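Examining the three-dimensional arrangement
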Amino acid sequence: MGLAGAEMIGWPRLSYKTMTKRILLLPAAVWTLLFTVFPFVYTLWISTQRIRLGRPGYFVGMENFAKAFADYKLSESALGTILFIAVAVPLELILGFAFALLFNRDFRGQGVLRAIMTMPLFATPVGVAYLFTTILYEEGGLVNSLLAPLGWHPPWLSNPFWARLSVLLVDVWQWTPFCFLVFLAGLQGLPQEVLEAASLDVVKNRQIVTQVVLPMMAPLIRLVLLLRFIEAAKVFDTPFVLTSGGPGRSTEVYSLYTFRVGLRFFDLGYAAALSLLLLVAVMIVANLLFRGTREMYD
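Residues numbered from 1 in each chain as written. Predicted model: local features only at pLDDT ≥ 70, side-chain atom pairs only at ≥ 80, totals over all residues. Heavy atoms only, no water.

In the annotation of an unreviewed UniProt entry, the protein is listed under the name Sugar ABC transporter permease and assigned to Carboxydichorda subterranea. Listed under Subcellular location (unreviewed entry) in UniProt, the entry text for the protein is "Cell membrane". The annotation that UniProt attaches to the protein under Sequence similarities (unreviewed entry) is "Belongs to the binding-protein-dependent transport system permease family." (UniProt positions renumbered as here; feature names shortened; annotations may be inferred.)

Attention now goes to the overall build of the protein. A tally of helices and strands in the protein yields 13 helices and 2 strands. Over its C-alpha atoms the protein spans a radius of gyration of 25 Å, topping by over 25% the 19 Å that the globule rule assigns to 298 residues. Dimensions along the principal axes, computed over C-alpha positions, put the protein at roughly 80 × 55 × 30 Å. For the protein, buried positions account for 37% of its 298 residues. As presented, the protein carries roughly 18,200 Å² of accessible surface, and 70% of it is formed by carbon and sulfur atoms. For the protein, the distance from the average site of its 23 positive side-chain charges to the average site of its 18 negative ones is 5 Å. (Helix = DSSP H or I, 4+ residues; strand = E, 2+ residues; numbered from the N terminus. Rg over C-alpha atoms; globule rule 2.2 N^0.38 Å. Buried < 20%, exposed > 50% of the residue type's maximum accessible area, 1.4 Å probe, protein only. Areas by Shrake-Rupley, 256 points an atom, 1.4 Å probe, with all protein chains shown as cover. Lys, Arg positive; Asp, Glu negative; His and termini not counted. Charge placed at Lys NZ, Arg CZ, Asp CG, Glu CD.)

Let's shift gears to the packing of aromatic side chains. The full count for this structure, using the stated rule, is 14 aromatic pairs. Each ring, one from W31 and one from F35, has its centre 4.4 Å from the other, and the planes form 45 degrees; the classification is tilted. You can see W31 and its partner F35 sitting in helix α2 (residues 16-47), 4 residues apart, about one turn around the helix. Residue class for F35 comes out exposed when judged on its relative accessible area of 52%. With centroids separated by 5.4 Å and ring planes inclined at 75 degrees, the aromatic side chains of F240 and F259 adopt a geometry described as edge-to-face. Residue F240 is found in helix α11 (residues 237-242), and its partner F259 is found in helix α12 (residues 254-263); the two are separated by 19 residues along the sequence. The class of F259 is partly exposed, set by a relative accessible area of 23%. Site record: aromatic cluster; members linked through ring pairs are W152, W156, F161 and W162. (Phe/Tyr/Trp six-rings, centres within 6.5 Å; stacked < 30°, edge-to-face > 60°.)

Residues L33, V37, F40, V41, L44, L279 and M283 make up a contiguous nonpolar surface patch of roughly 610 Å² in combined accessible area. Looking at the nonpolar patch, the elements that each hand over two or more residues are α2 and α13 (268-297). Considering each element in turn, the nonpolar patch owes the most residues, 5 residues, to α2. Tracing the backbone through its elements, the reader meets L33 in helix α2. (Patch = residues over 30% accessible without salt bridge, like charges linked within 9 Å, V, L, I, M, F, W, Y side chains within 5 Å. Salt bridge = Lys/Arg side-chain N within 4 Å of Asp/Glu carboxyl O.)

Following the criterion strictly, the structure yields 8 salt bridges and no others. Salt-bridge contacts for K234 lead to E231; the nearest nitrogen and oxygen are separated by 3.6 Å. For E231, a relative accessible area of 40% corresponds to the partly exposed category. Several salt bridges share partner residues, and in doing so they unite E76, R249, E252 and R260 into one network.

What follows covers unusual backbone geometry. Omega for the peptide link from G246 to P247 comes to 0 degrees, which places this bond in the cis form. Position of P247 relative to the elements: it lies in the loop between α11 and α12. With a phi close to 55 degrees, S244 is a non-glycine residue in the positive phi region. You can see S244 is positioned in the loop between α11 and α12. With phi around 55 degrees, F266 is a residue other than glycine that occupies positive phi space. Here F266 lies in the loop between α12 and α13.

Here we take up the packing of helix α6 (residues 125-135) against helix α8 (residues 160-188). Between α6 and α8, the shortest axis-to-axis distance is 11 Å and the interhelical angle comes to 130 degrees. The pairing of α6 with α8 is recorded here as oblique in orientation. With respect to the hand of their crossing, α6 and α8 are arranged in right-handed fashion. Of the residues in α8, those touching α6 at P125, V128 and F132 are V170, W173 and Q174. (Axes fitted to C-alpha atoms, helices over the stretch in contact; angles between N-to-C directions. Parallel < 35°, antiparallel > 145°, perpendicular 65-115°, else oblique. Left-handed = near helix turned anticlockwise from the far one by under 90°. Contact = heavy atoms within 4.5 Å.)

Following this line, the structure appears as C-alpha cells:
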C-alpha cells in the first residue's frame, strides 16, 4: 500500500525522513516491549496471584505483599544484604580510588600491572565463586595450606562469620577493579594545570588529594557508588555457589531467598512480590543518589 492508499483510509501522510526514523526505532521499541515491559507487567500480574507449579492460580490481591512484611526469613535476608552492601561497596570504592591514585603515576611495568589489576573484572561471578571455593576450602585449600605453618585454620565456609567474610572478600576482589578503572580514567581526565597550580600552593600530596582531587572527582565517585549499589543489591551468584546461603542461613541474601521461594518452594506469586519490593527499594535509593549526582553536575 503506497502513500495514496494511506490517504484513502485516513492515515496521516508521513515524510520519507519521518518514516525512516520510525523504521529504525522499531527494533528498539520491539525489544523494549518484549524484554522489559512484558516481563514487568507479567511479574506484576503474578504477584497478585497464588500460583504454585502444577496447581491452578487464583487472584489474591495484595496478600503476597502483606505476607512479605510478616516474613522473618525475608527480614533476615534483607538485613544481611544491607550489611553486605554497607561493607562491600565502600571498601571497593576506597581500594579502587587508592589503586587509581597509585597507577596515575608513571613507573616501570605500569601497563602489565594495570592489565593484571583489571583481570577479575572479565571473569564471570559464577566462575570466580567456584575458584574461591577451591582456594578457601578448609581441608587442603590454598589459603589454609599457607596458614597451616602458623597454626591458623580459619573455617572459611563452615562458620557464619567467616562465611560472610568469604562472600565479602570475593565480591571485593572481583569488583574493586571496576572502581579502579573508572577512577583512573577520571583522574587522567582532570585538568593538569589545576593540579600543577595546587602543587605550588600545597605542600603535602595528601592535601592535594583531599582538597583538590576529591572535590573534582566527587560526581564520578557518586556515580560509581550508584552503579555498585545497584549491582550489590542484586548479589546472587557468589553466595549461591560459594556457600549456598549457609551455614544455616547466614549468607542467604535477598536475591537468594527470592530464588528459593520461587524455584525451590514453587511459590511463584510470593517470589514475584519479593522481586518487585526489591525493585522499588533499589529504585528509591538509586533515585536519591542519581539526584545528588545531577545536582553536582548542575
